[in-house]
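Residue strings, one per chain:
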Amino acid sequence: MEFSIKSGAPEQQRTGCVVVGVFEPSKLSAAGIALDRAAHGYIGKILKSGDLRGKTGHTLLLHNVPRVAAGRVLLVGLGKESDFGERQFRTAVHHAVHTLDQTGISEATLCLSAPVKTRDNAWHVSQAVTVASDAVYRFDRMKSKHDDRQSGLRHLGLLATGNADARNVATALKQGMAIAQGVNLAKDLGNLPANVCTPSYLAQTARALAKEHKLAVRVLDRKDMQKLGMGSLLSVARGSVEPPKLIVIQYQGTGSKQKPVALVGKGVTFDTGGISLKPAPEMDEMKFDMCGAASVLGTLKAIAMLKLPINVVGVIPATENMPSSTATKPGDIVTSMSGQTVEILNTDAEGRLILCDALTYVERFEPQAVVDIATLTGACVIALGHVASGLFANEDALAQELLSAGQVSHDRAWHLPLWEDYQDQLKSNFADFANIGGRPAGSVTAACFLSRFTRKFKWAHLDIAGTAWKSGKDKGSTGRPVPLLTQFLINRATRT
Ligand code: BES
Ligand code: MN
Ligand code: ZN
């Protein structure tokens, strides 16, 4: 979908539809009042009849409103003015855009100027773009008959009003569009089935992305990993005939002397659990176990589109986790690239086993900071549900940066502890440590495991098990945490 910034009065917008907000109970927003004045009270009369109270996200479509240039007016509920905040703004935009898309209007203008008091025009613009893009996203590549996008919403104008700073608003539009593109790439990769989206497919996607945006890419195969001593990563790949890949993709947005930020994404293209086999119900959702990897590629796409002045290296360990006669068995002990030995007590705790070698590998880039992103633990879903990603870090300043990037982009994370006290749970009688720490604090002990491979740099870990995809009737990848990561890099690139 295309986006642009519009100016002028709401009643003068020449477009298929103008969208204005209505607070509960039936109270027009500023843009709505302007329309109603032009229409000599026509809209107010309709609201008095009780057709739209203004509950958040409820909509009412009006045709041929007198003296309004647009063919239609879409009223969208914003809820009670006193309760109005970021969540209500996002819900209203989502419902409005979804309605427009379903109605077959190809072009519309949103007149929802800066209603969230604590946020400026620029924030509203980038949020509107990412939310609108999310509302019209469809994944039909695997259907024999594709939905024709001919009938949907193709262009959305955003009316910036008042004392909008034109430069900031234009930047916000670009950032919103880049984030939306990155999110769409991550969603597509997540939604593809595991028989299509294999480690080799992820590598091909990285190569195509590199070509499109002039990035450097290198793909290591099983032999290369053997040479590097990645015994932990390889122990996960053992059970599958699909060849594992370690994808390294580099974006140089500034002088080569600046140390890069490293993004490390878990790329398990299907997680059966291995010999510690998962139960059958909902196992299909383990095709989403590469969403960390997808978020790395999506974020690289976004920052390359923005030409951010920063250096970033993405590292993706990609493999399937399958049971077979060659698969790793519970009790097997492997030697990681770091030299530390691991007793694999549960082959389903495979994410940490592939990440630890990728984390040791990134030492060679002398990164200024490392962030890994992984659908790592079911325990994280129990702790935080589907709202916040779990955040762990070995440095508080880095944790704070990520938390605030999540707040601004509304792709939020919550800081969880990484105290020494939890490390005891990883004790092994036979190796340096085990790959599981029992049921208590499962997300924390997973992070503790990773922390043993990240002592040489500033590091943060995002557990996205609850946020990377949705289950049920809306099953599908969310593209999270591309908005958080992109915002984090925007902030790092522009701070002086
Ligand atoms: N990919 C899963 C984590 C997961 C499970 C994410 C369910 C989202 C929904 C991961 O590889 C895994 O299986 N983790 C185990 C770890 C356990 C064996 C210590 C888990 O969470 O059950
Ligand atoms: Mn697993
Ligand atoms: Zn997994």
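Quick caveat: nothing in here was measured; it's all calculated off a predicted structure.

Focus on the coordination of the zinc ion (ligand 3)
Item 1. For the zinc ion (ligand 3), every protein donor is listed as Lys266 (NZ), Asp271 (OD), Asp289 (OD) and Glu350 (OE), and the spread of their distances is 2.0 to 2.4 Å.
Item 2. The coordination sphere of the zinc ion (ligand 3) comprises 6 donor atoms, whose angles at the metal cover 78 to 174°; the geometry is octahedral.
Item 3. Counting residues between consecutive donors of the zinc ion (ligand 3) along the chain gives the motif K-x4-D-x17-D-x60-E.
Item 4. Separating the zinc ion (ligand 3) from the manganese ion (ligand 2) is a gap of 3.2 Å, which Asp271 spans by donating to each of them. Side by side, Lys266 and Asp271 carry an identical accessibility label, which is buried.

A few points about the coordination of the manganese ion (ligand 2)
Item 1. Looking at the manganese ion (ligand 2), the protein donor atoms are Asp271 (OD), Asp348 (O), Asp348 (OD) and Glu350 (OE), and they sit 2.0 to 2.2 Å from it.
Item 2. In terms of primary sequence, the donors binding the manganese ion (ligand 2) are separated according to D-x76-D-x1-E.

Details of the domain arrangement of the protein chain
Item 1. Assigned domains of the protein chain: these are domain 1 (2-143 + 155-160) and domain 2 (181-495).
Item 2. One C-alpha centre belongs to domain 1, the other to domain 2, and the line joining them spans 38 Å.
Item 3. Taken together, the contact between domain 1 and domain 2 spans 12 residues of the former and 12 residues of the latter.
Item 4. Contact between domain 1 and domain 2 buries roughly 1100 Å² in total, counting both sides, with carbon and sulfur atoms accounting for 47%.
Item 5. Looking at the side of domain 1 facing domain 2, the largest losses of area belong to Tyr137, Phe139 and Arg141, adding up to 43% of the total buried there.
Item 6. The tally of links from domain 1 across to domain 2 stands at 1 salt bridge.
Item 7. A salt bridge links Asp134 to Lys187; the nearest nitrogen and oxygen atoms lie 2.5 Å apart.
Item 8. At the junction of domain 1 and domain 2, the tally comes to 8 residue pairs in polar contact (both at pLDDT 80 or more).
Item 9. Elements with a minimum of two residues in the side of domain 1 that touches domain 2: helix H3 (86-103) and helix H4 (121-136).

Topic: the pattern of salt bridges
Item 1. One pass over the structure, following the stated rule, counts 19 salt bridges.
Item 2. Linking Arg138 and Asp101 is a salt bridge whose minimum nitrogen-to-oxygen distance equals 2.7 Å. One end of the pair, Arg138, is in the loop between H4 and strand E7 (155-159); the other, Asp101, is in helix H3, with 37 residues separating them in the sequence.
Item 3. Of the residues examined, Arg138 reaches a relative accessible area of 31% and is grouped as partly exposed.
Item 4. A salt bridge links Asp332 to Lys329; the shortest N-O distance between them is 3.4 Å.
Item 5. Its relative accessible area of 22% is what places Asp332 among the partly exposed residues.
Item 6. Here the salt bridges do not stand alone but share partners, grouping Glu24, Arg53 and Lys55 into one network.

Observations regarding the side chain of Thr445
Item 1. Tracing the backbone shows Thr445 in helix H13 (residues 442-451).
Item 2. Within polar-contact distance, the side chain of Thr445 engages the backbone oxygen of Gly442 at 3.3 Å.
Item 3. Every residue in contact with Thr445, bar those within four places of it in the chain, is listed here: Tyr422, Gln425, Leu426, Gly437 and Pro440.

Focus: the layout of surface pockets
Gaps left between atoms are located by rolling a probe of water-molecule size over the structure's atoms.
Item 1. Here the second largest pocket is characterised by a volume of approximately 950 Å³.
Item 2. Around the second largest pocket sit 33 residues that line it, and Lys278, Asp348, Thr377, Gly378 and Ala379 are the ones nearest its centre.
Item 3. Mapped onto the lining of the second largest pocket, the elements with two or more residues apiece are helix H10 (351-361), helix H11 (378-384) and H13.
Item 4. For the lining of the second largest pocket, the leading source of residues is H11, giving 4 residues.

Some points on a positive patch on the surface
Item 1. Together, Arg218, Lys223, Lys227 and Arg364 give the surface a local cluster of positive charge.
Item 2. Topologically, Arg364 is positioned in the loop between H10 and strand E15 (369-374).

Some points on the environment of Arg218
Item 1. Mapped onto the elements, Arg218 comes out in strand E8 (residues 216-220).
Item 2. The sequence separation of Arg218 and Asp432 amounts to 214 residues, and the corresponding C-alpha distance is 32 Å.
Item 3. In contact with Arg218, other than residues within four places in its own chain, are Leu246, Ile247, Val248 and Tyr361.

Parameters at a glance
- Residues numbered from 1 in each chain as written.
- Chains lettered and ligands numbered in written order.
- Predicted model: local features only at pLDDT ≥ 70, side-chain atom pairs only at ≥ 80, totals over all residues.
- Heavy atoms only, no water.
- Donors = N, O, S within 2.8 Å, 3.2 Å for Na, K, Ca; no water.
- Tetrahedral: all angles 85-135°; square planar, octahedral: opposite > 155°, others 65-115°.
- Buried < 20%, exposed > 50% of the residue type's maximum accessible area, 1.4 Å probe, protein only.
- Domains from an automatic or database assignment.
- Contact = heavy atoms within 4.5 Å.
- Buried area = accessible area lost by both parts, 1.4 Å probe.
- Salt bridge = Lys/Arg side-chain N within 4 Å of Asp/Glu carboxyl O.
- Polar contact = N/O pair within 3.5 Å; in protein donor to acceptor, adjacent residues only side chain to side chain.
- Helix = DSSP H or I, 4+ residues; strand = E, 2+ residues; numbered from the N terminus.
- 1 Å grid on protein atoms, 1.4 Å probe; cavity = no way out; pocket = protein on both sides within 12 Å on 5 of 7 lines; lining within 4 Å.
- Points joined across faces, edges and corners; volume = space filled by probe spheres on them.
- Patch = residues over 30% accessible without salt bridge, like charges linked within 9 Å, V, L, I, M, F, W, Y side chains within 5 Å.
- Areas by Shrake-Rupley, 256 points an atom, 1.4 Å probe, with all protein chains shown as cover.
- Lys, Arg positive; Asp, Glu negative; His and termini not counted.
- Charge placed at Lys NZ, Arg CZ, Asp CG, Glu CD.

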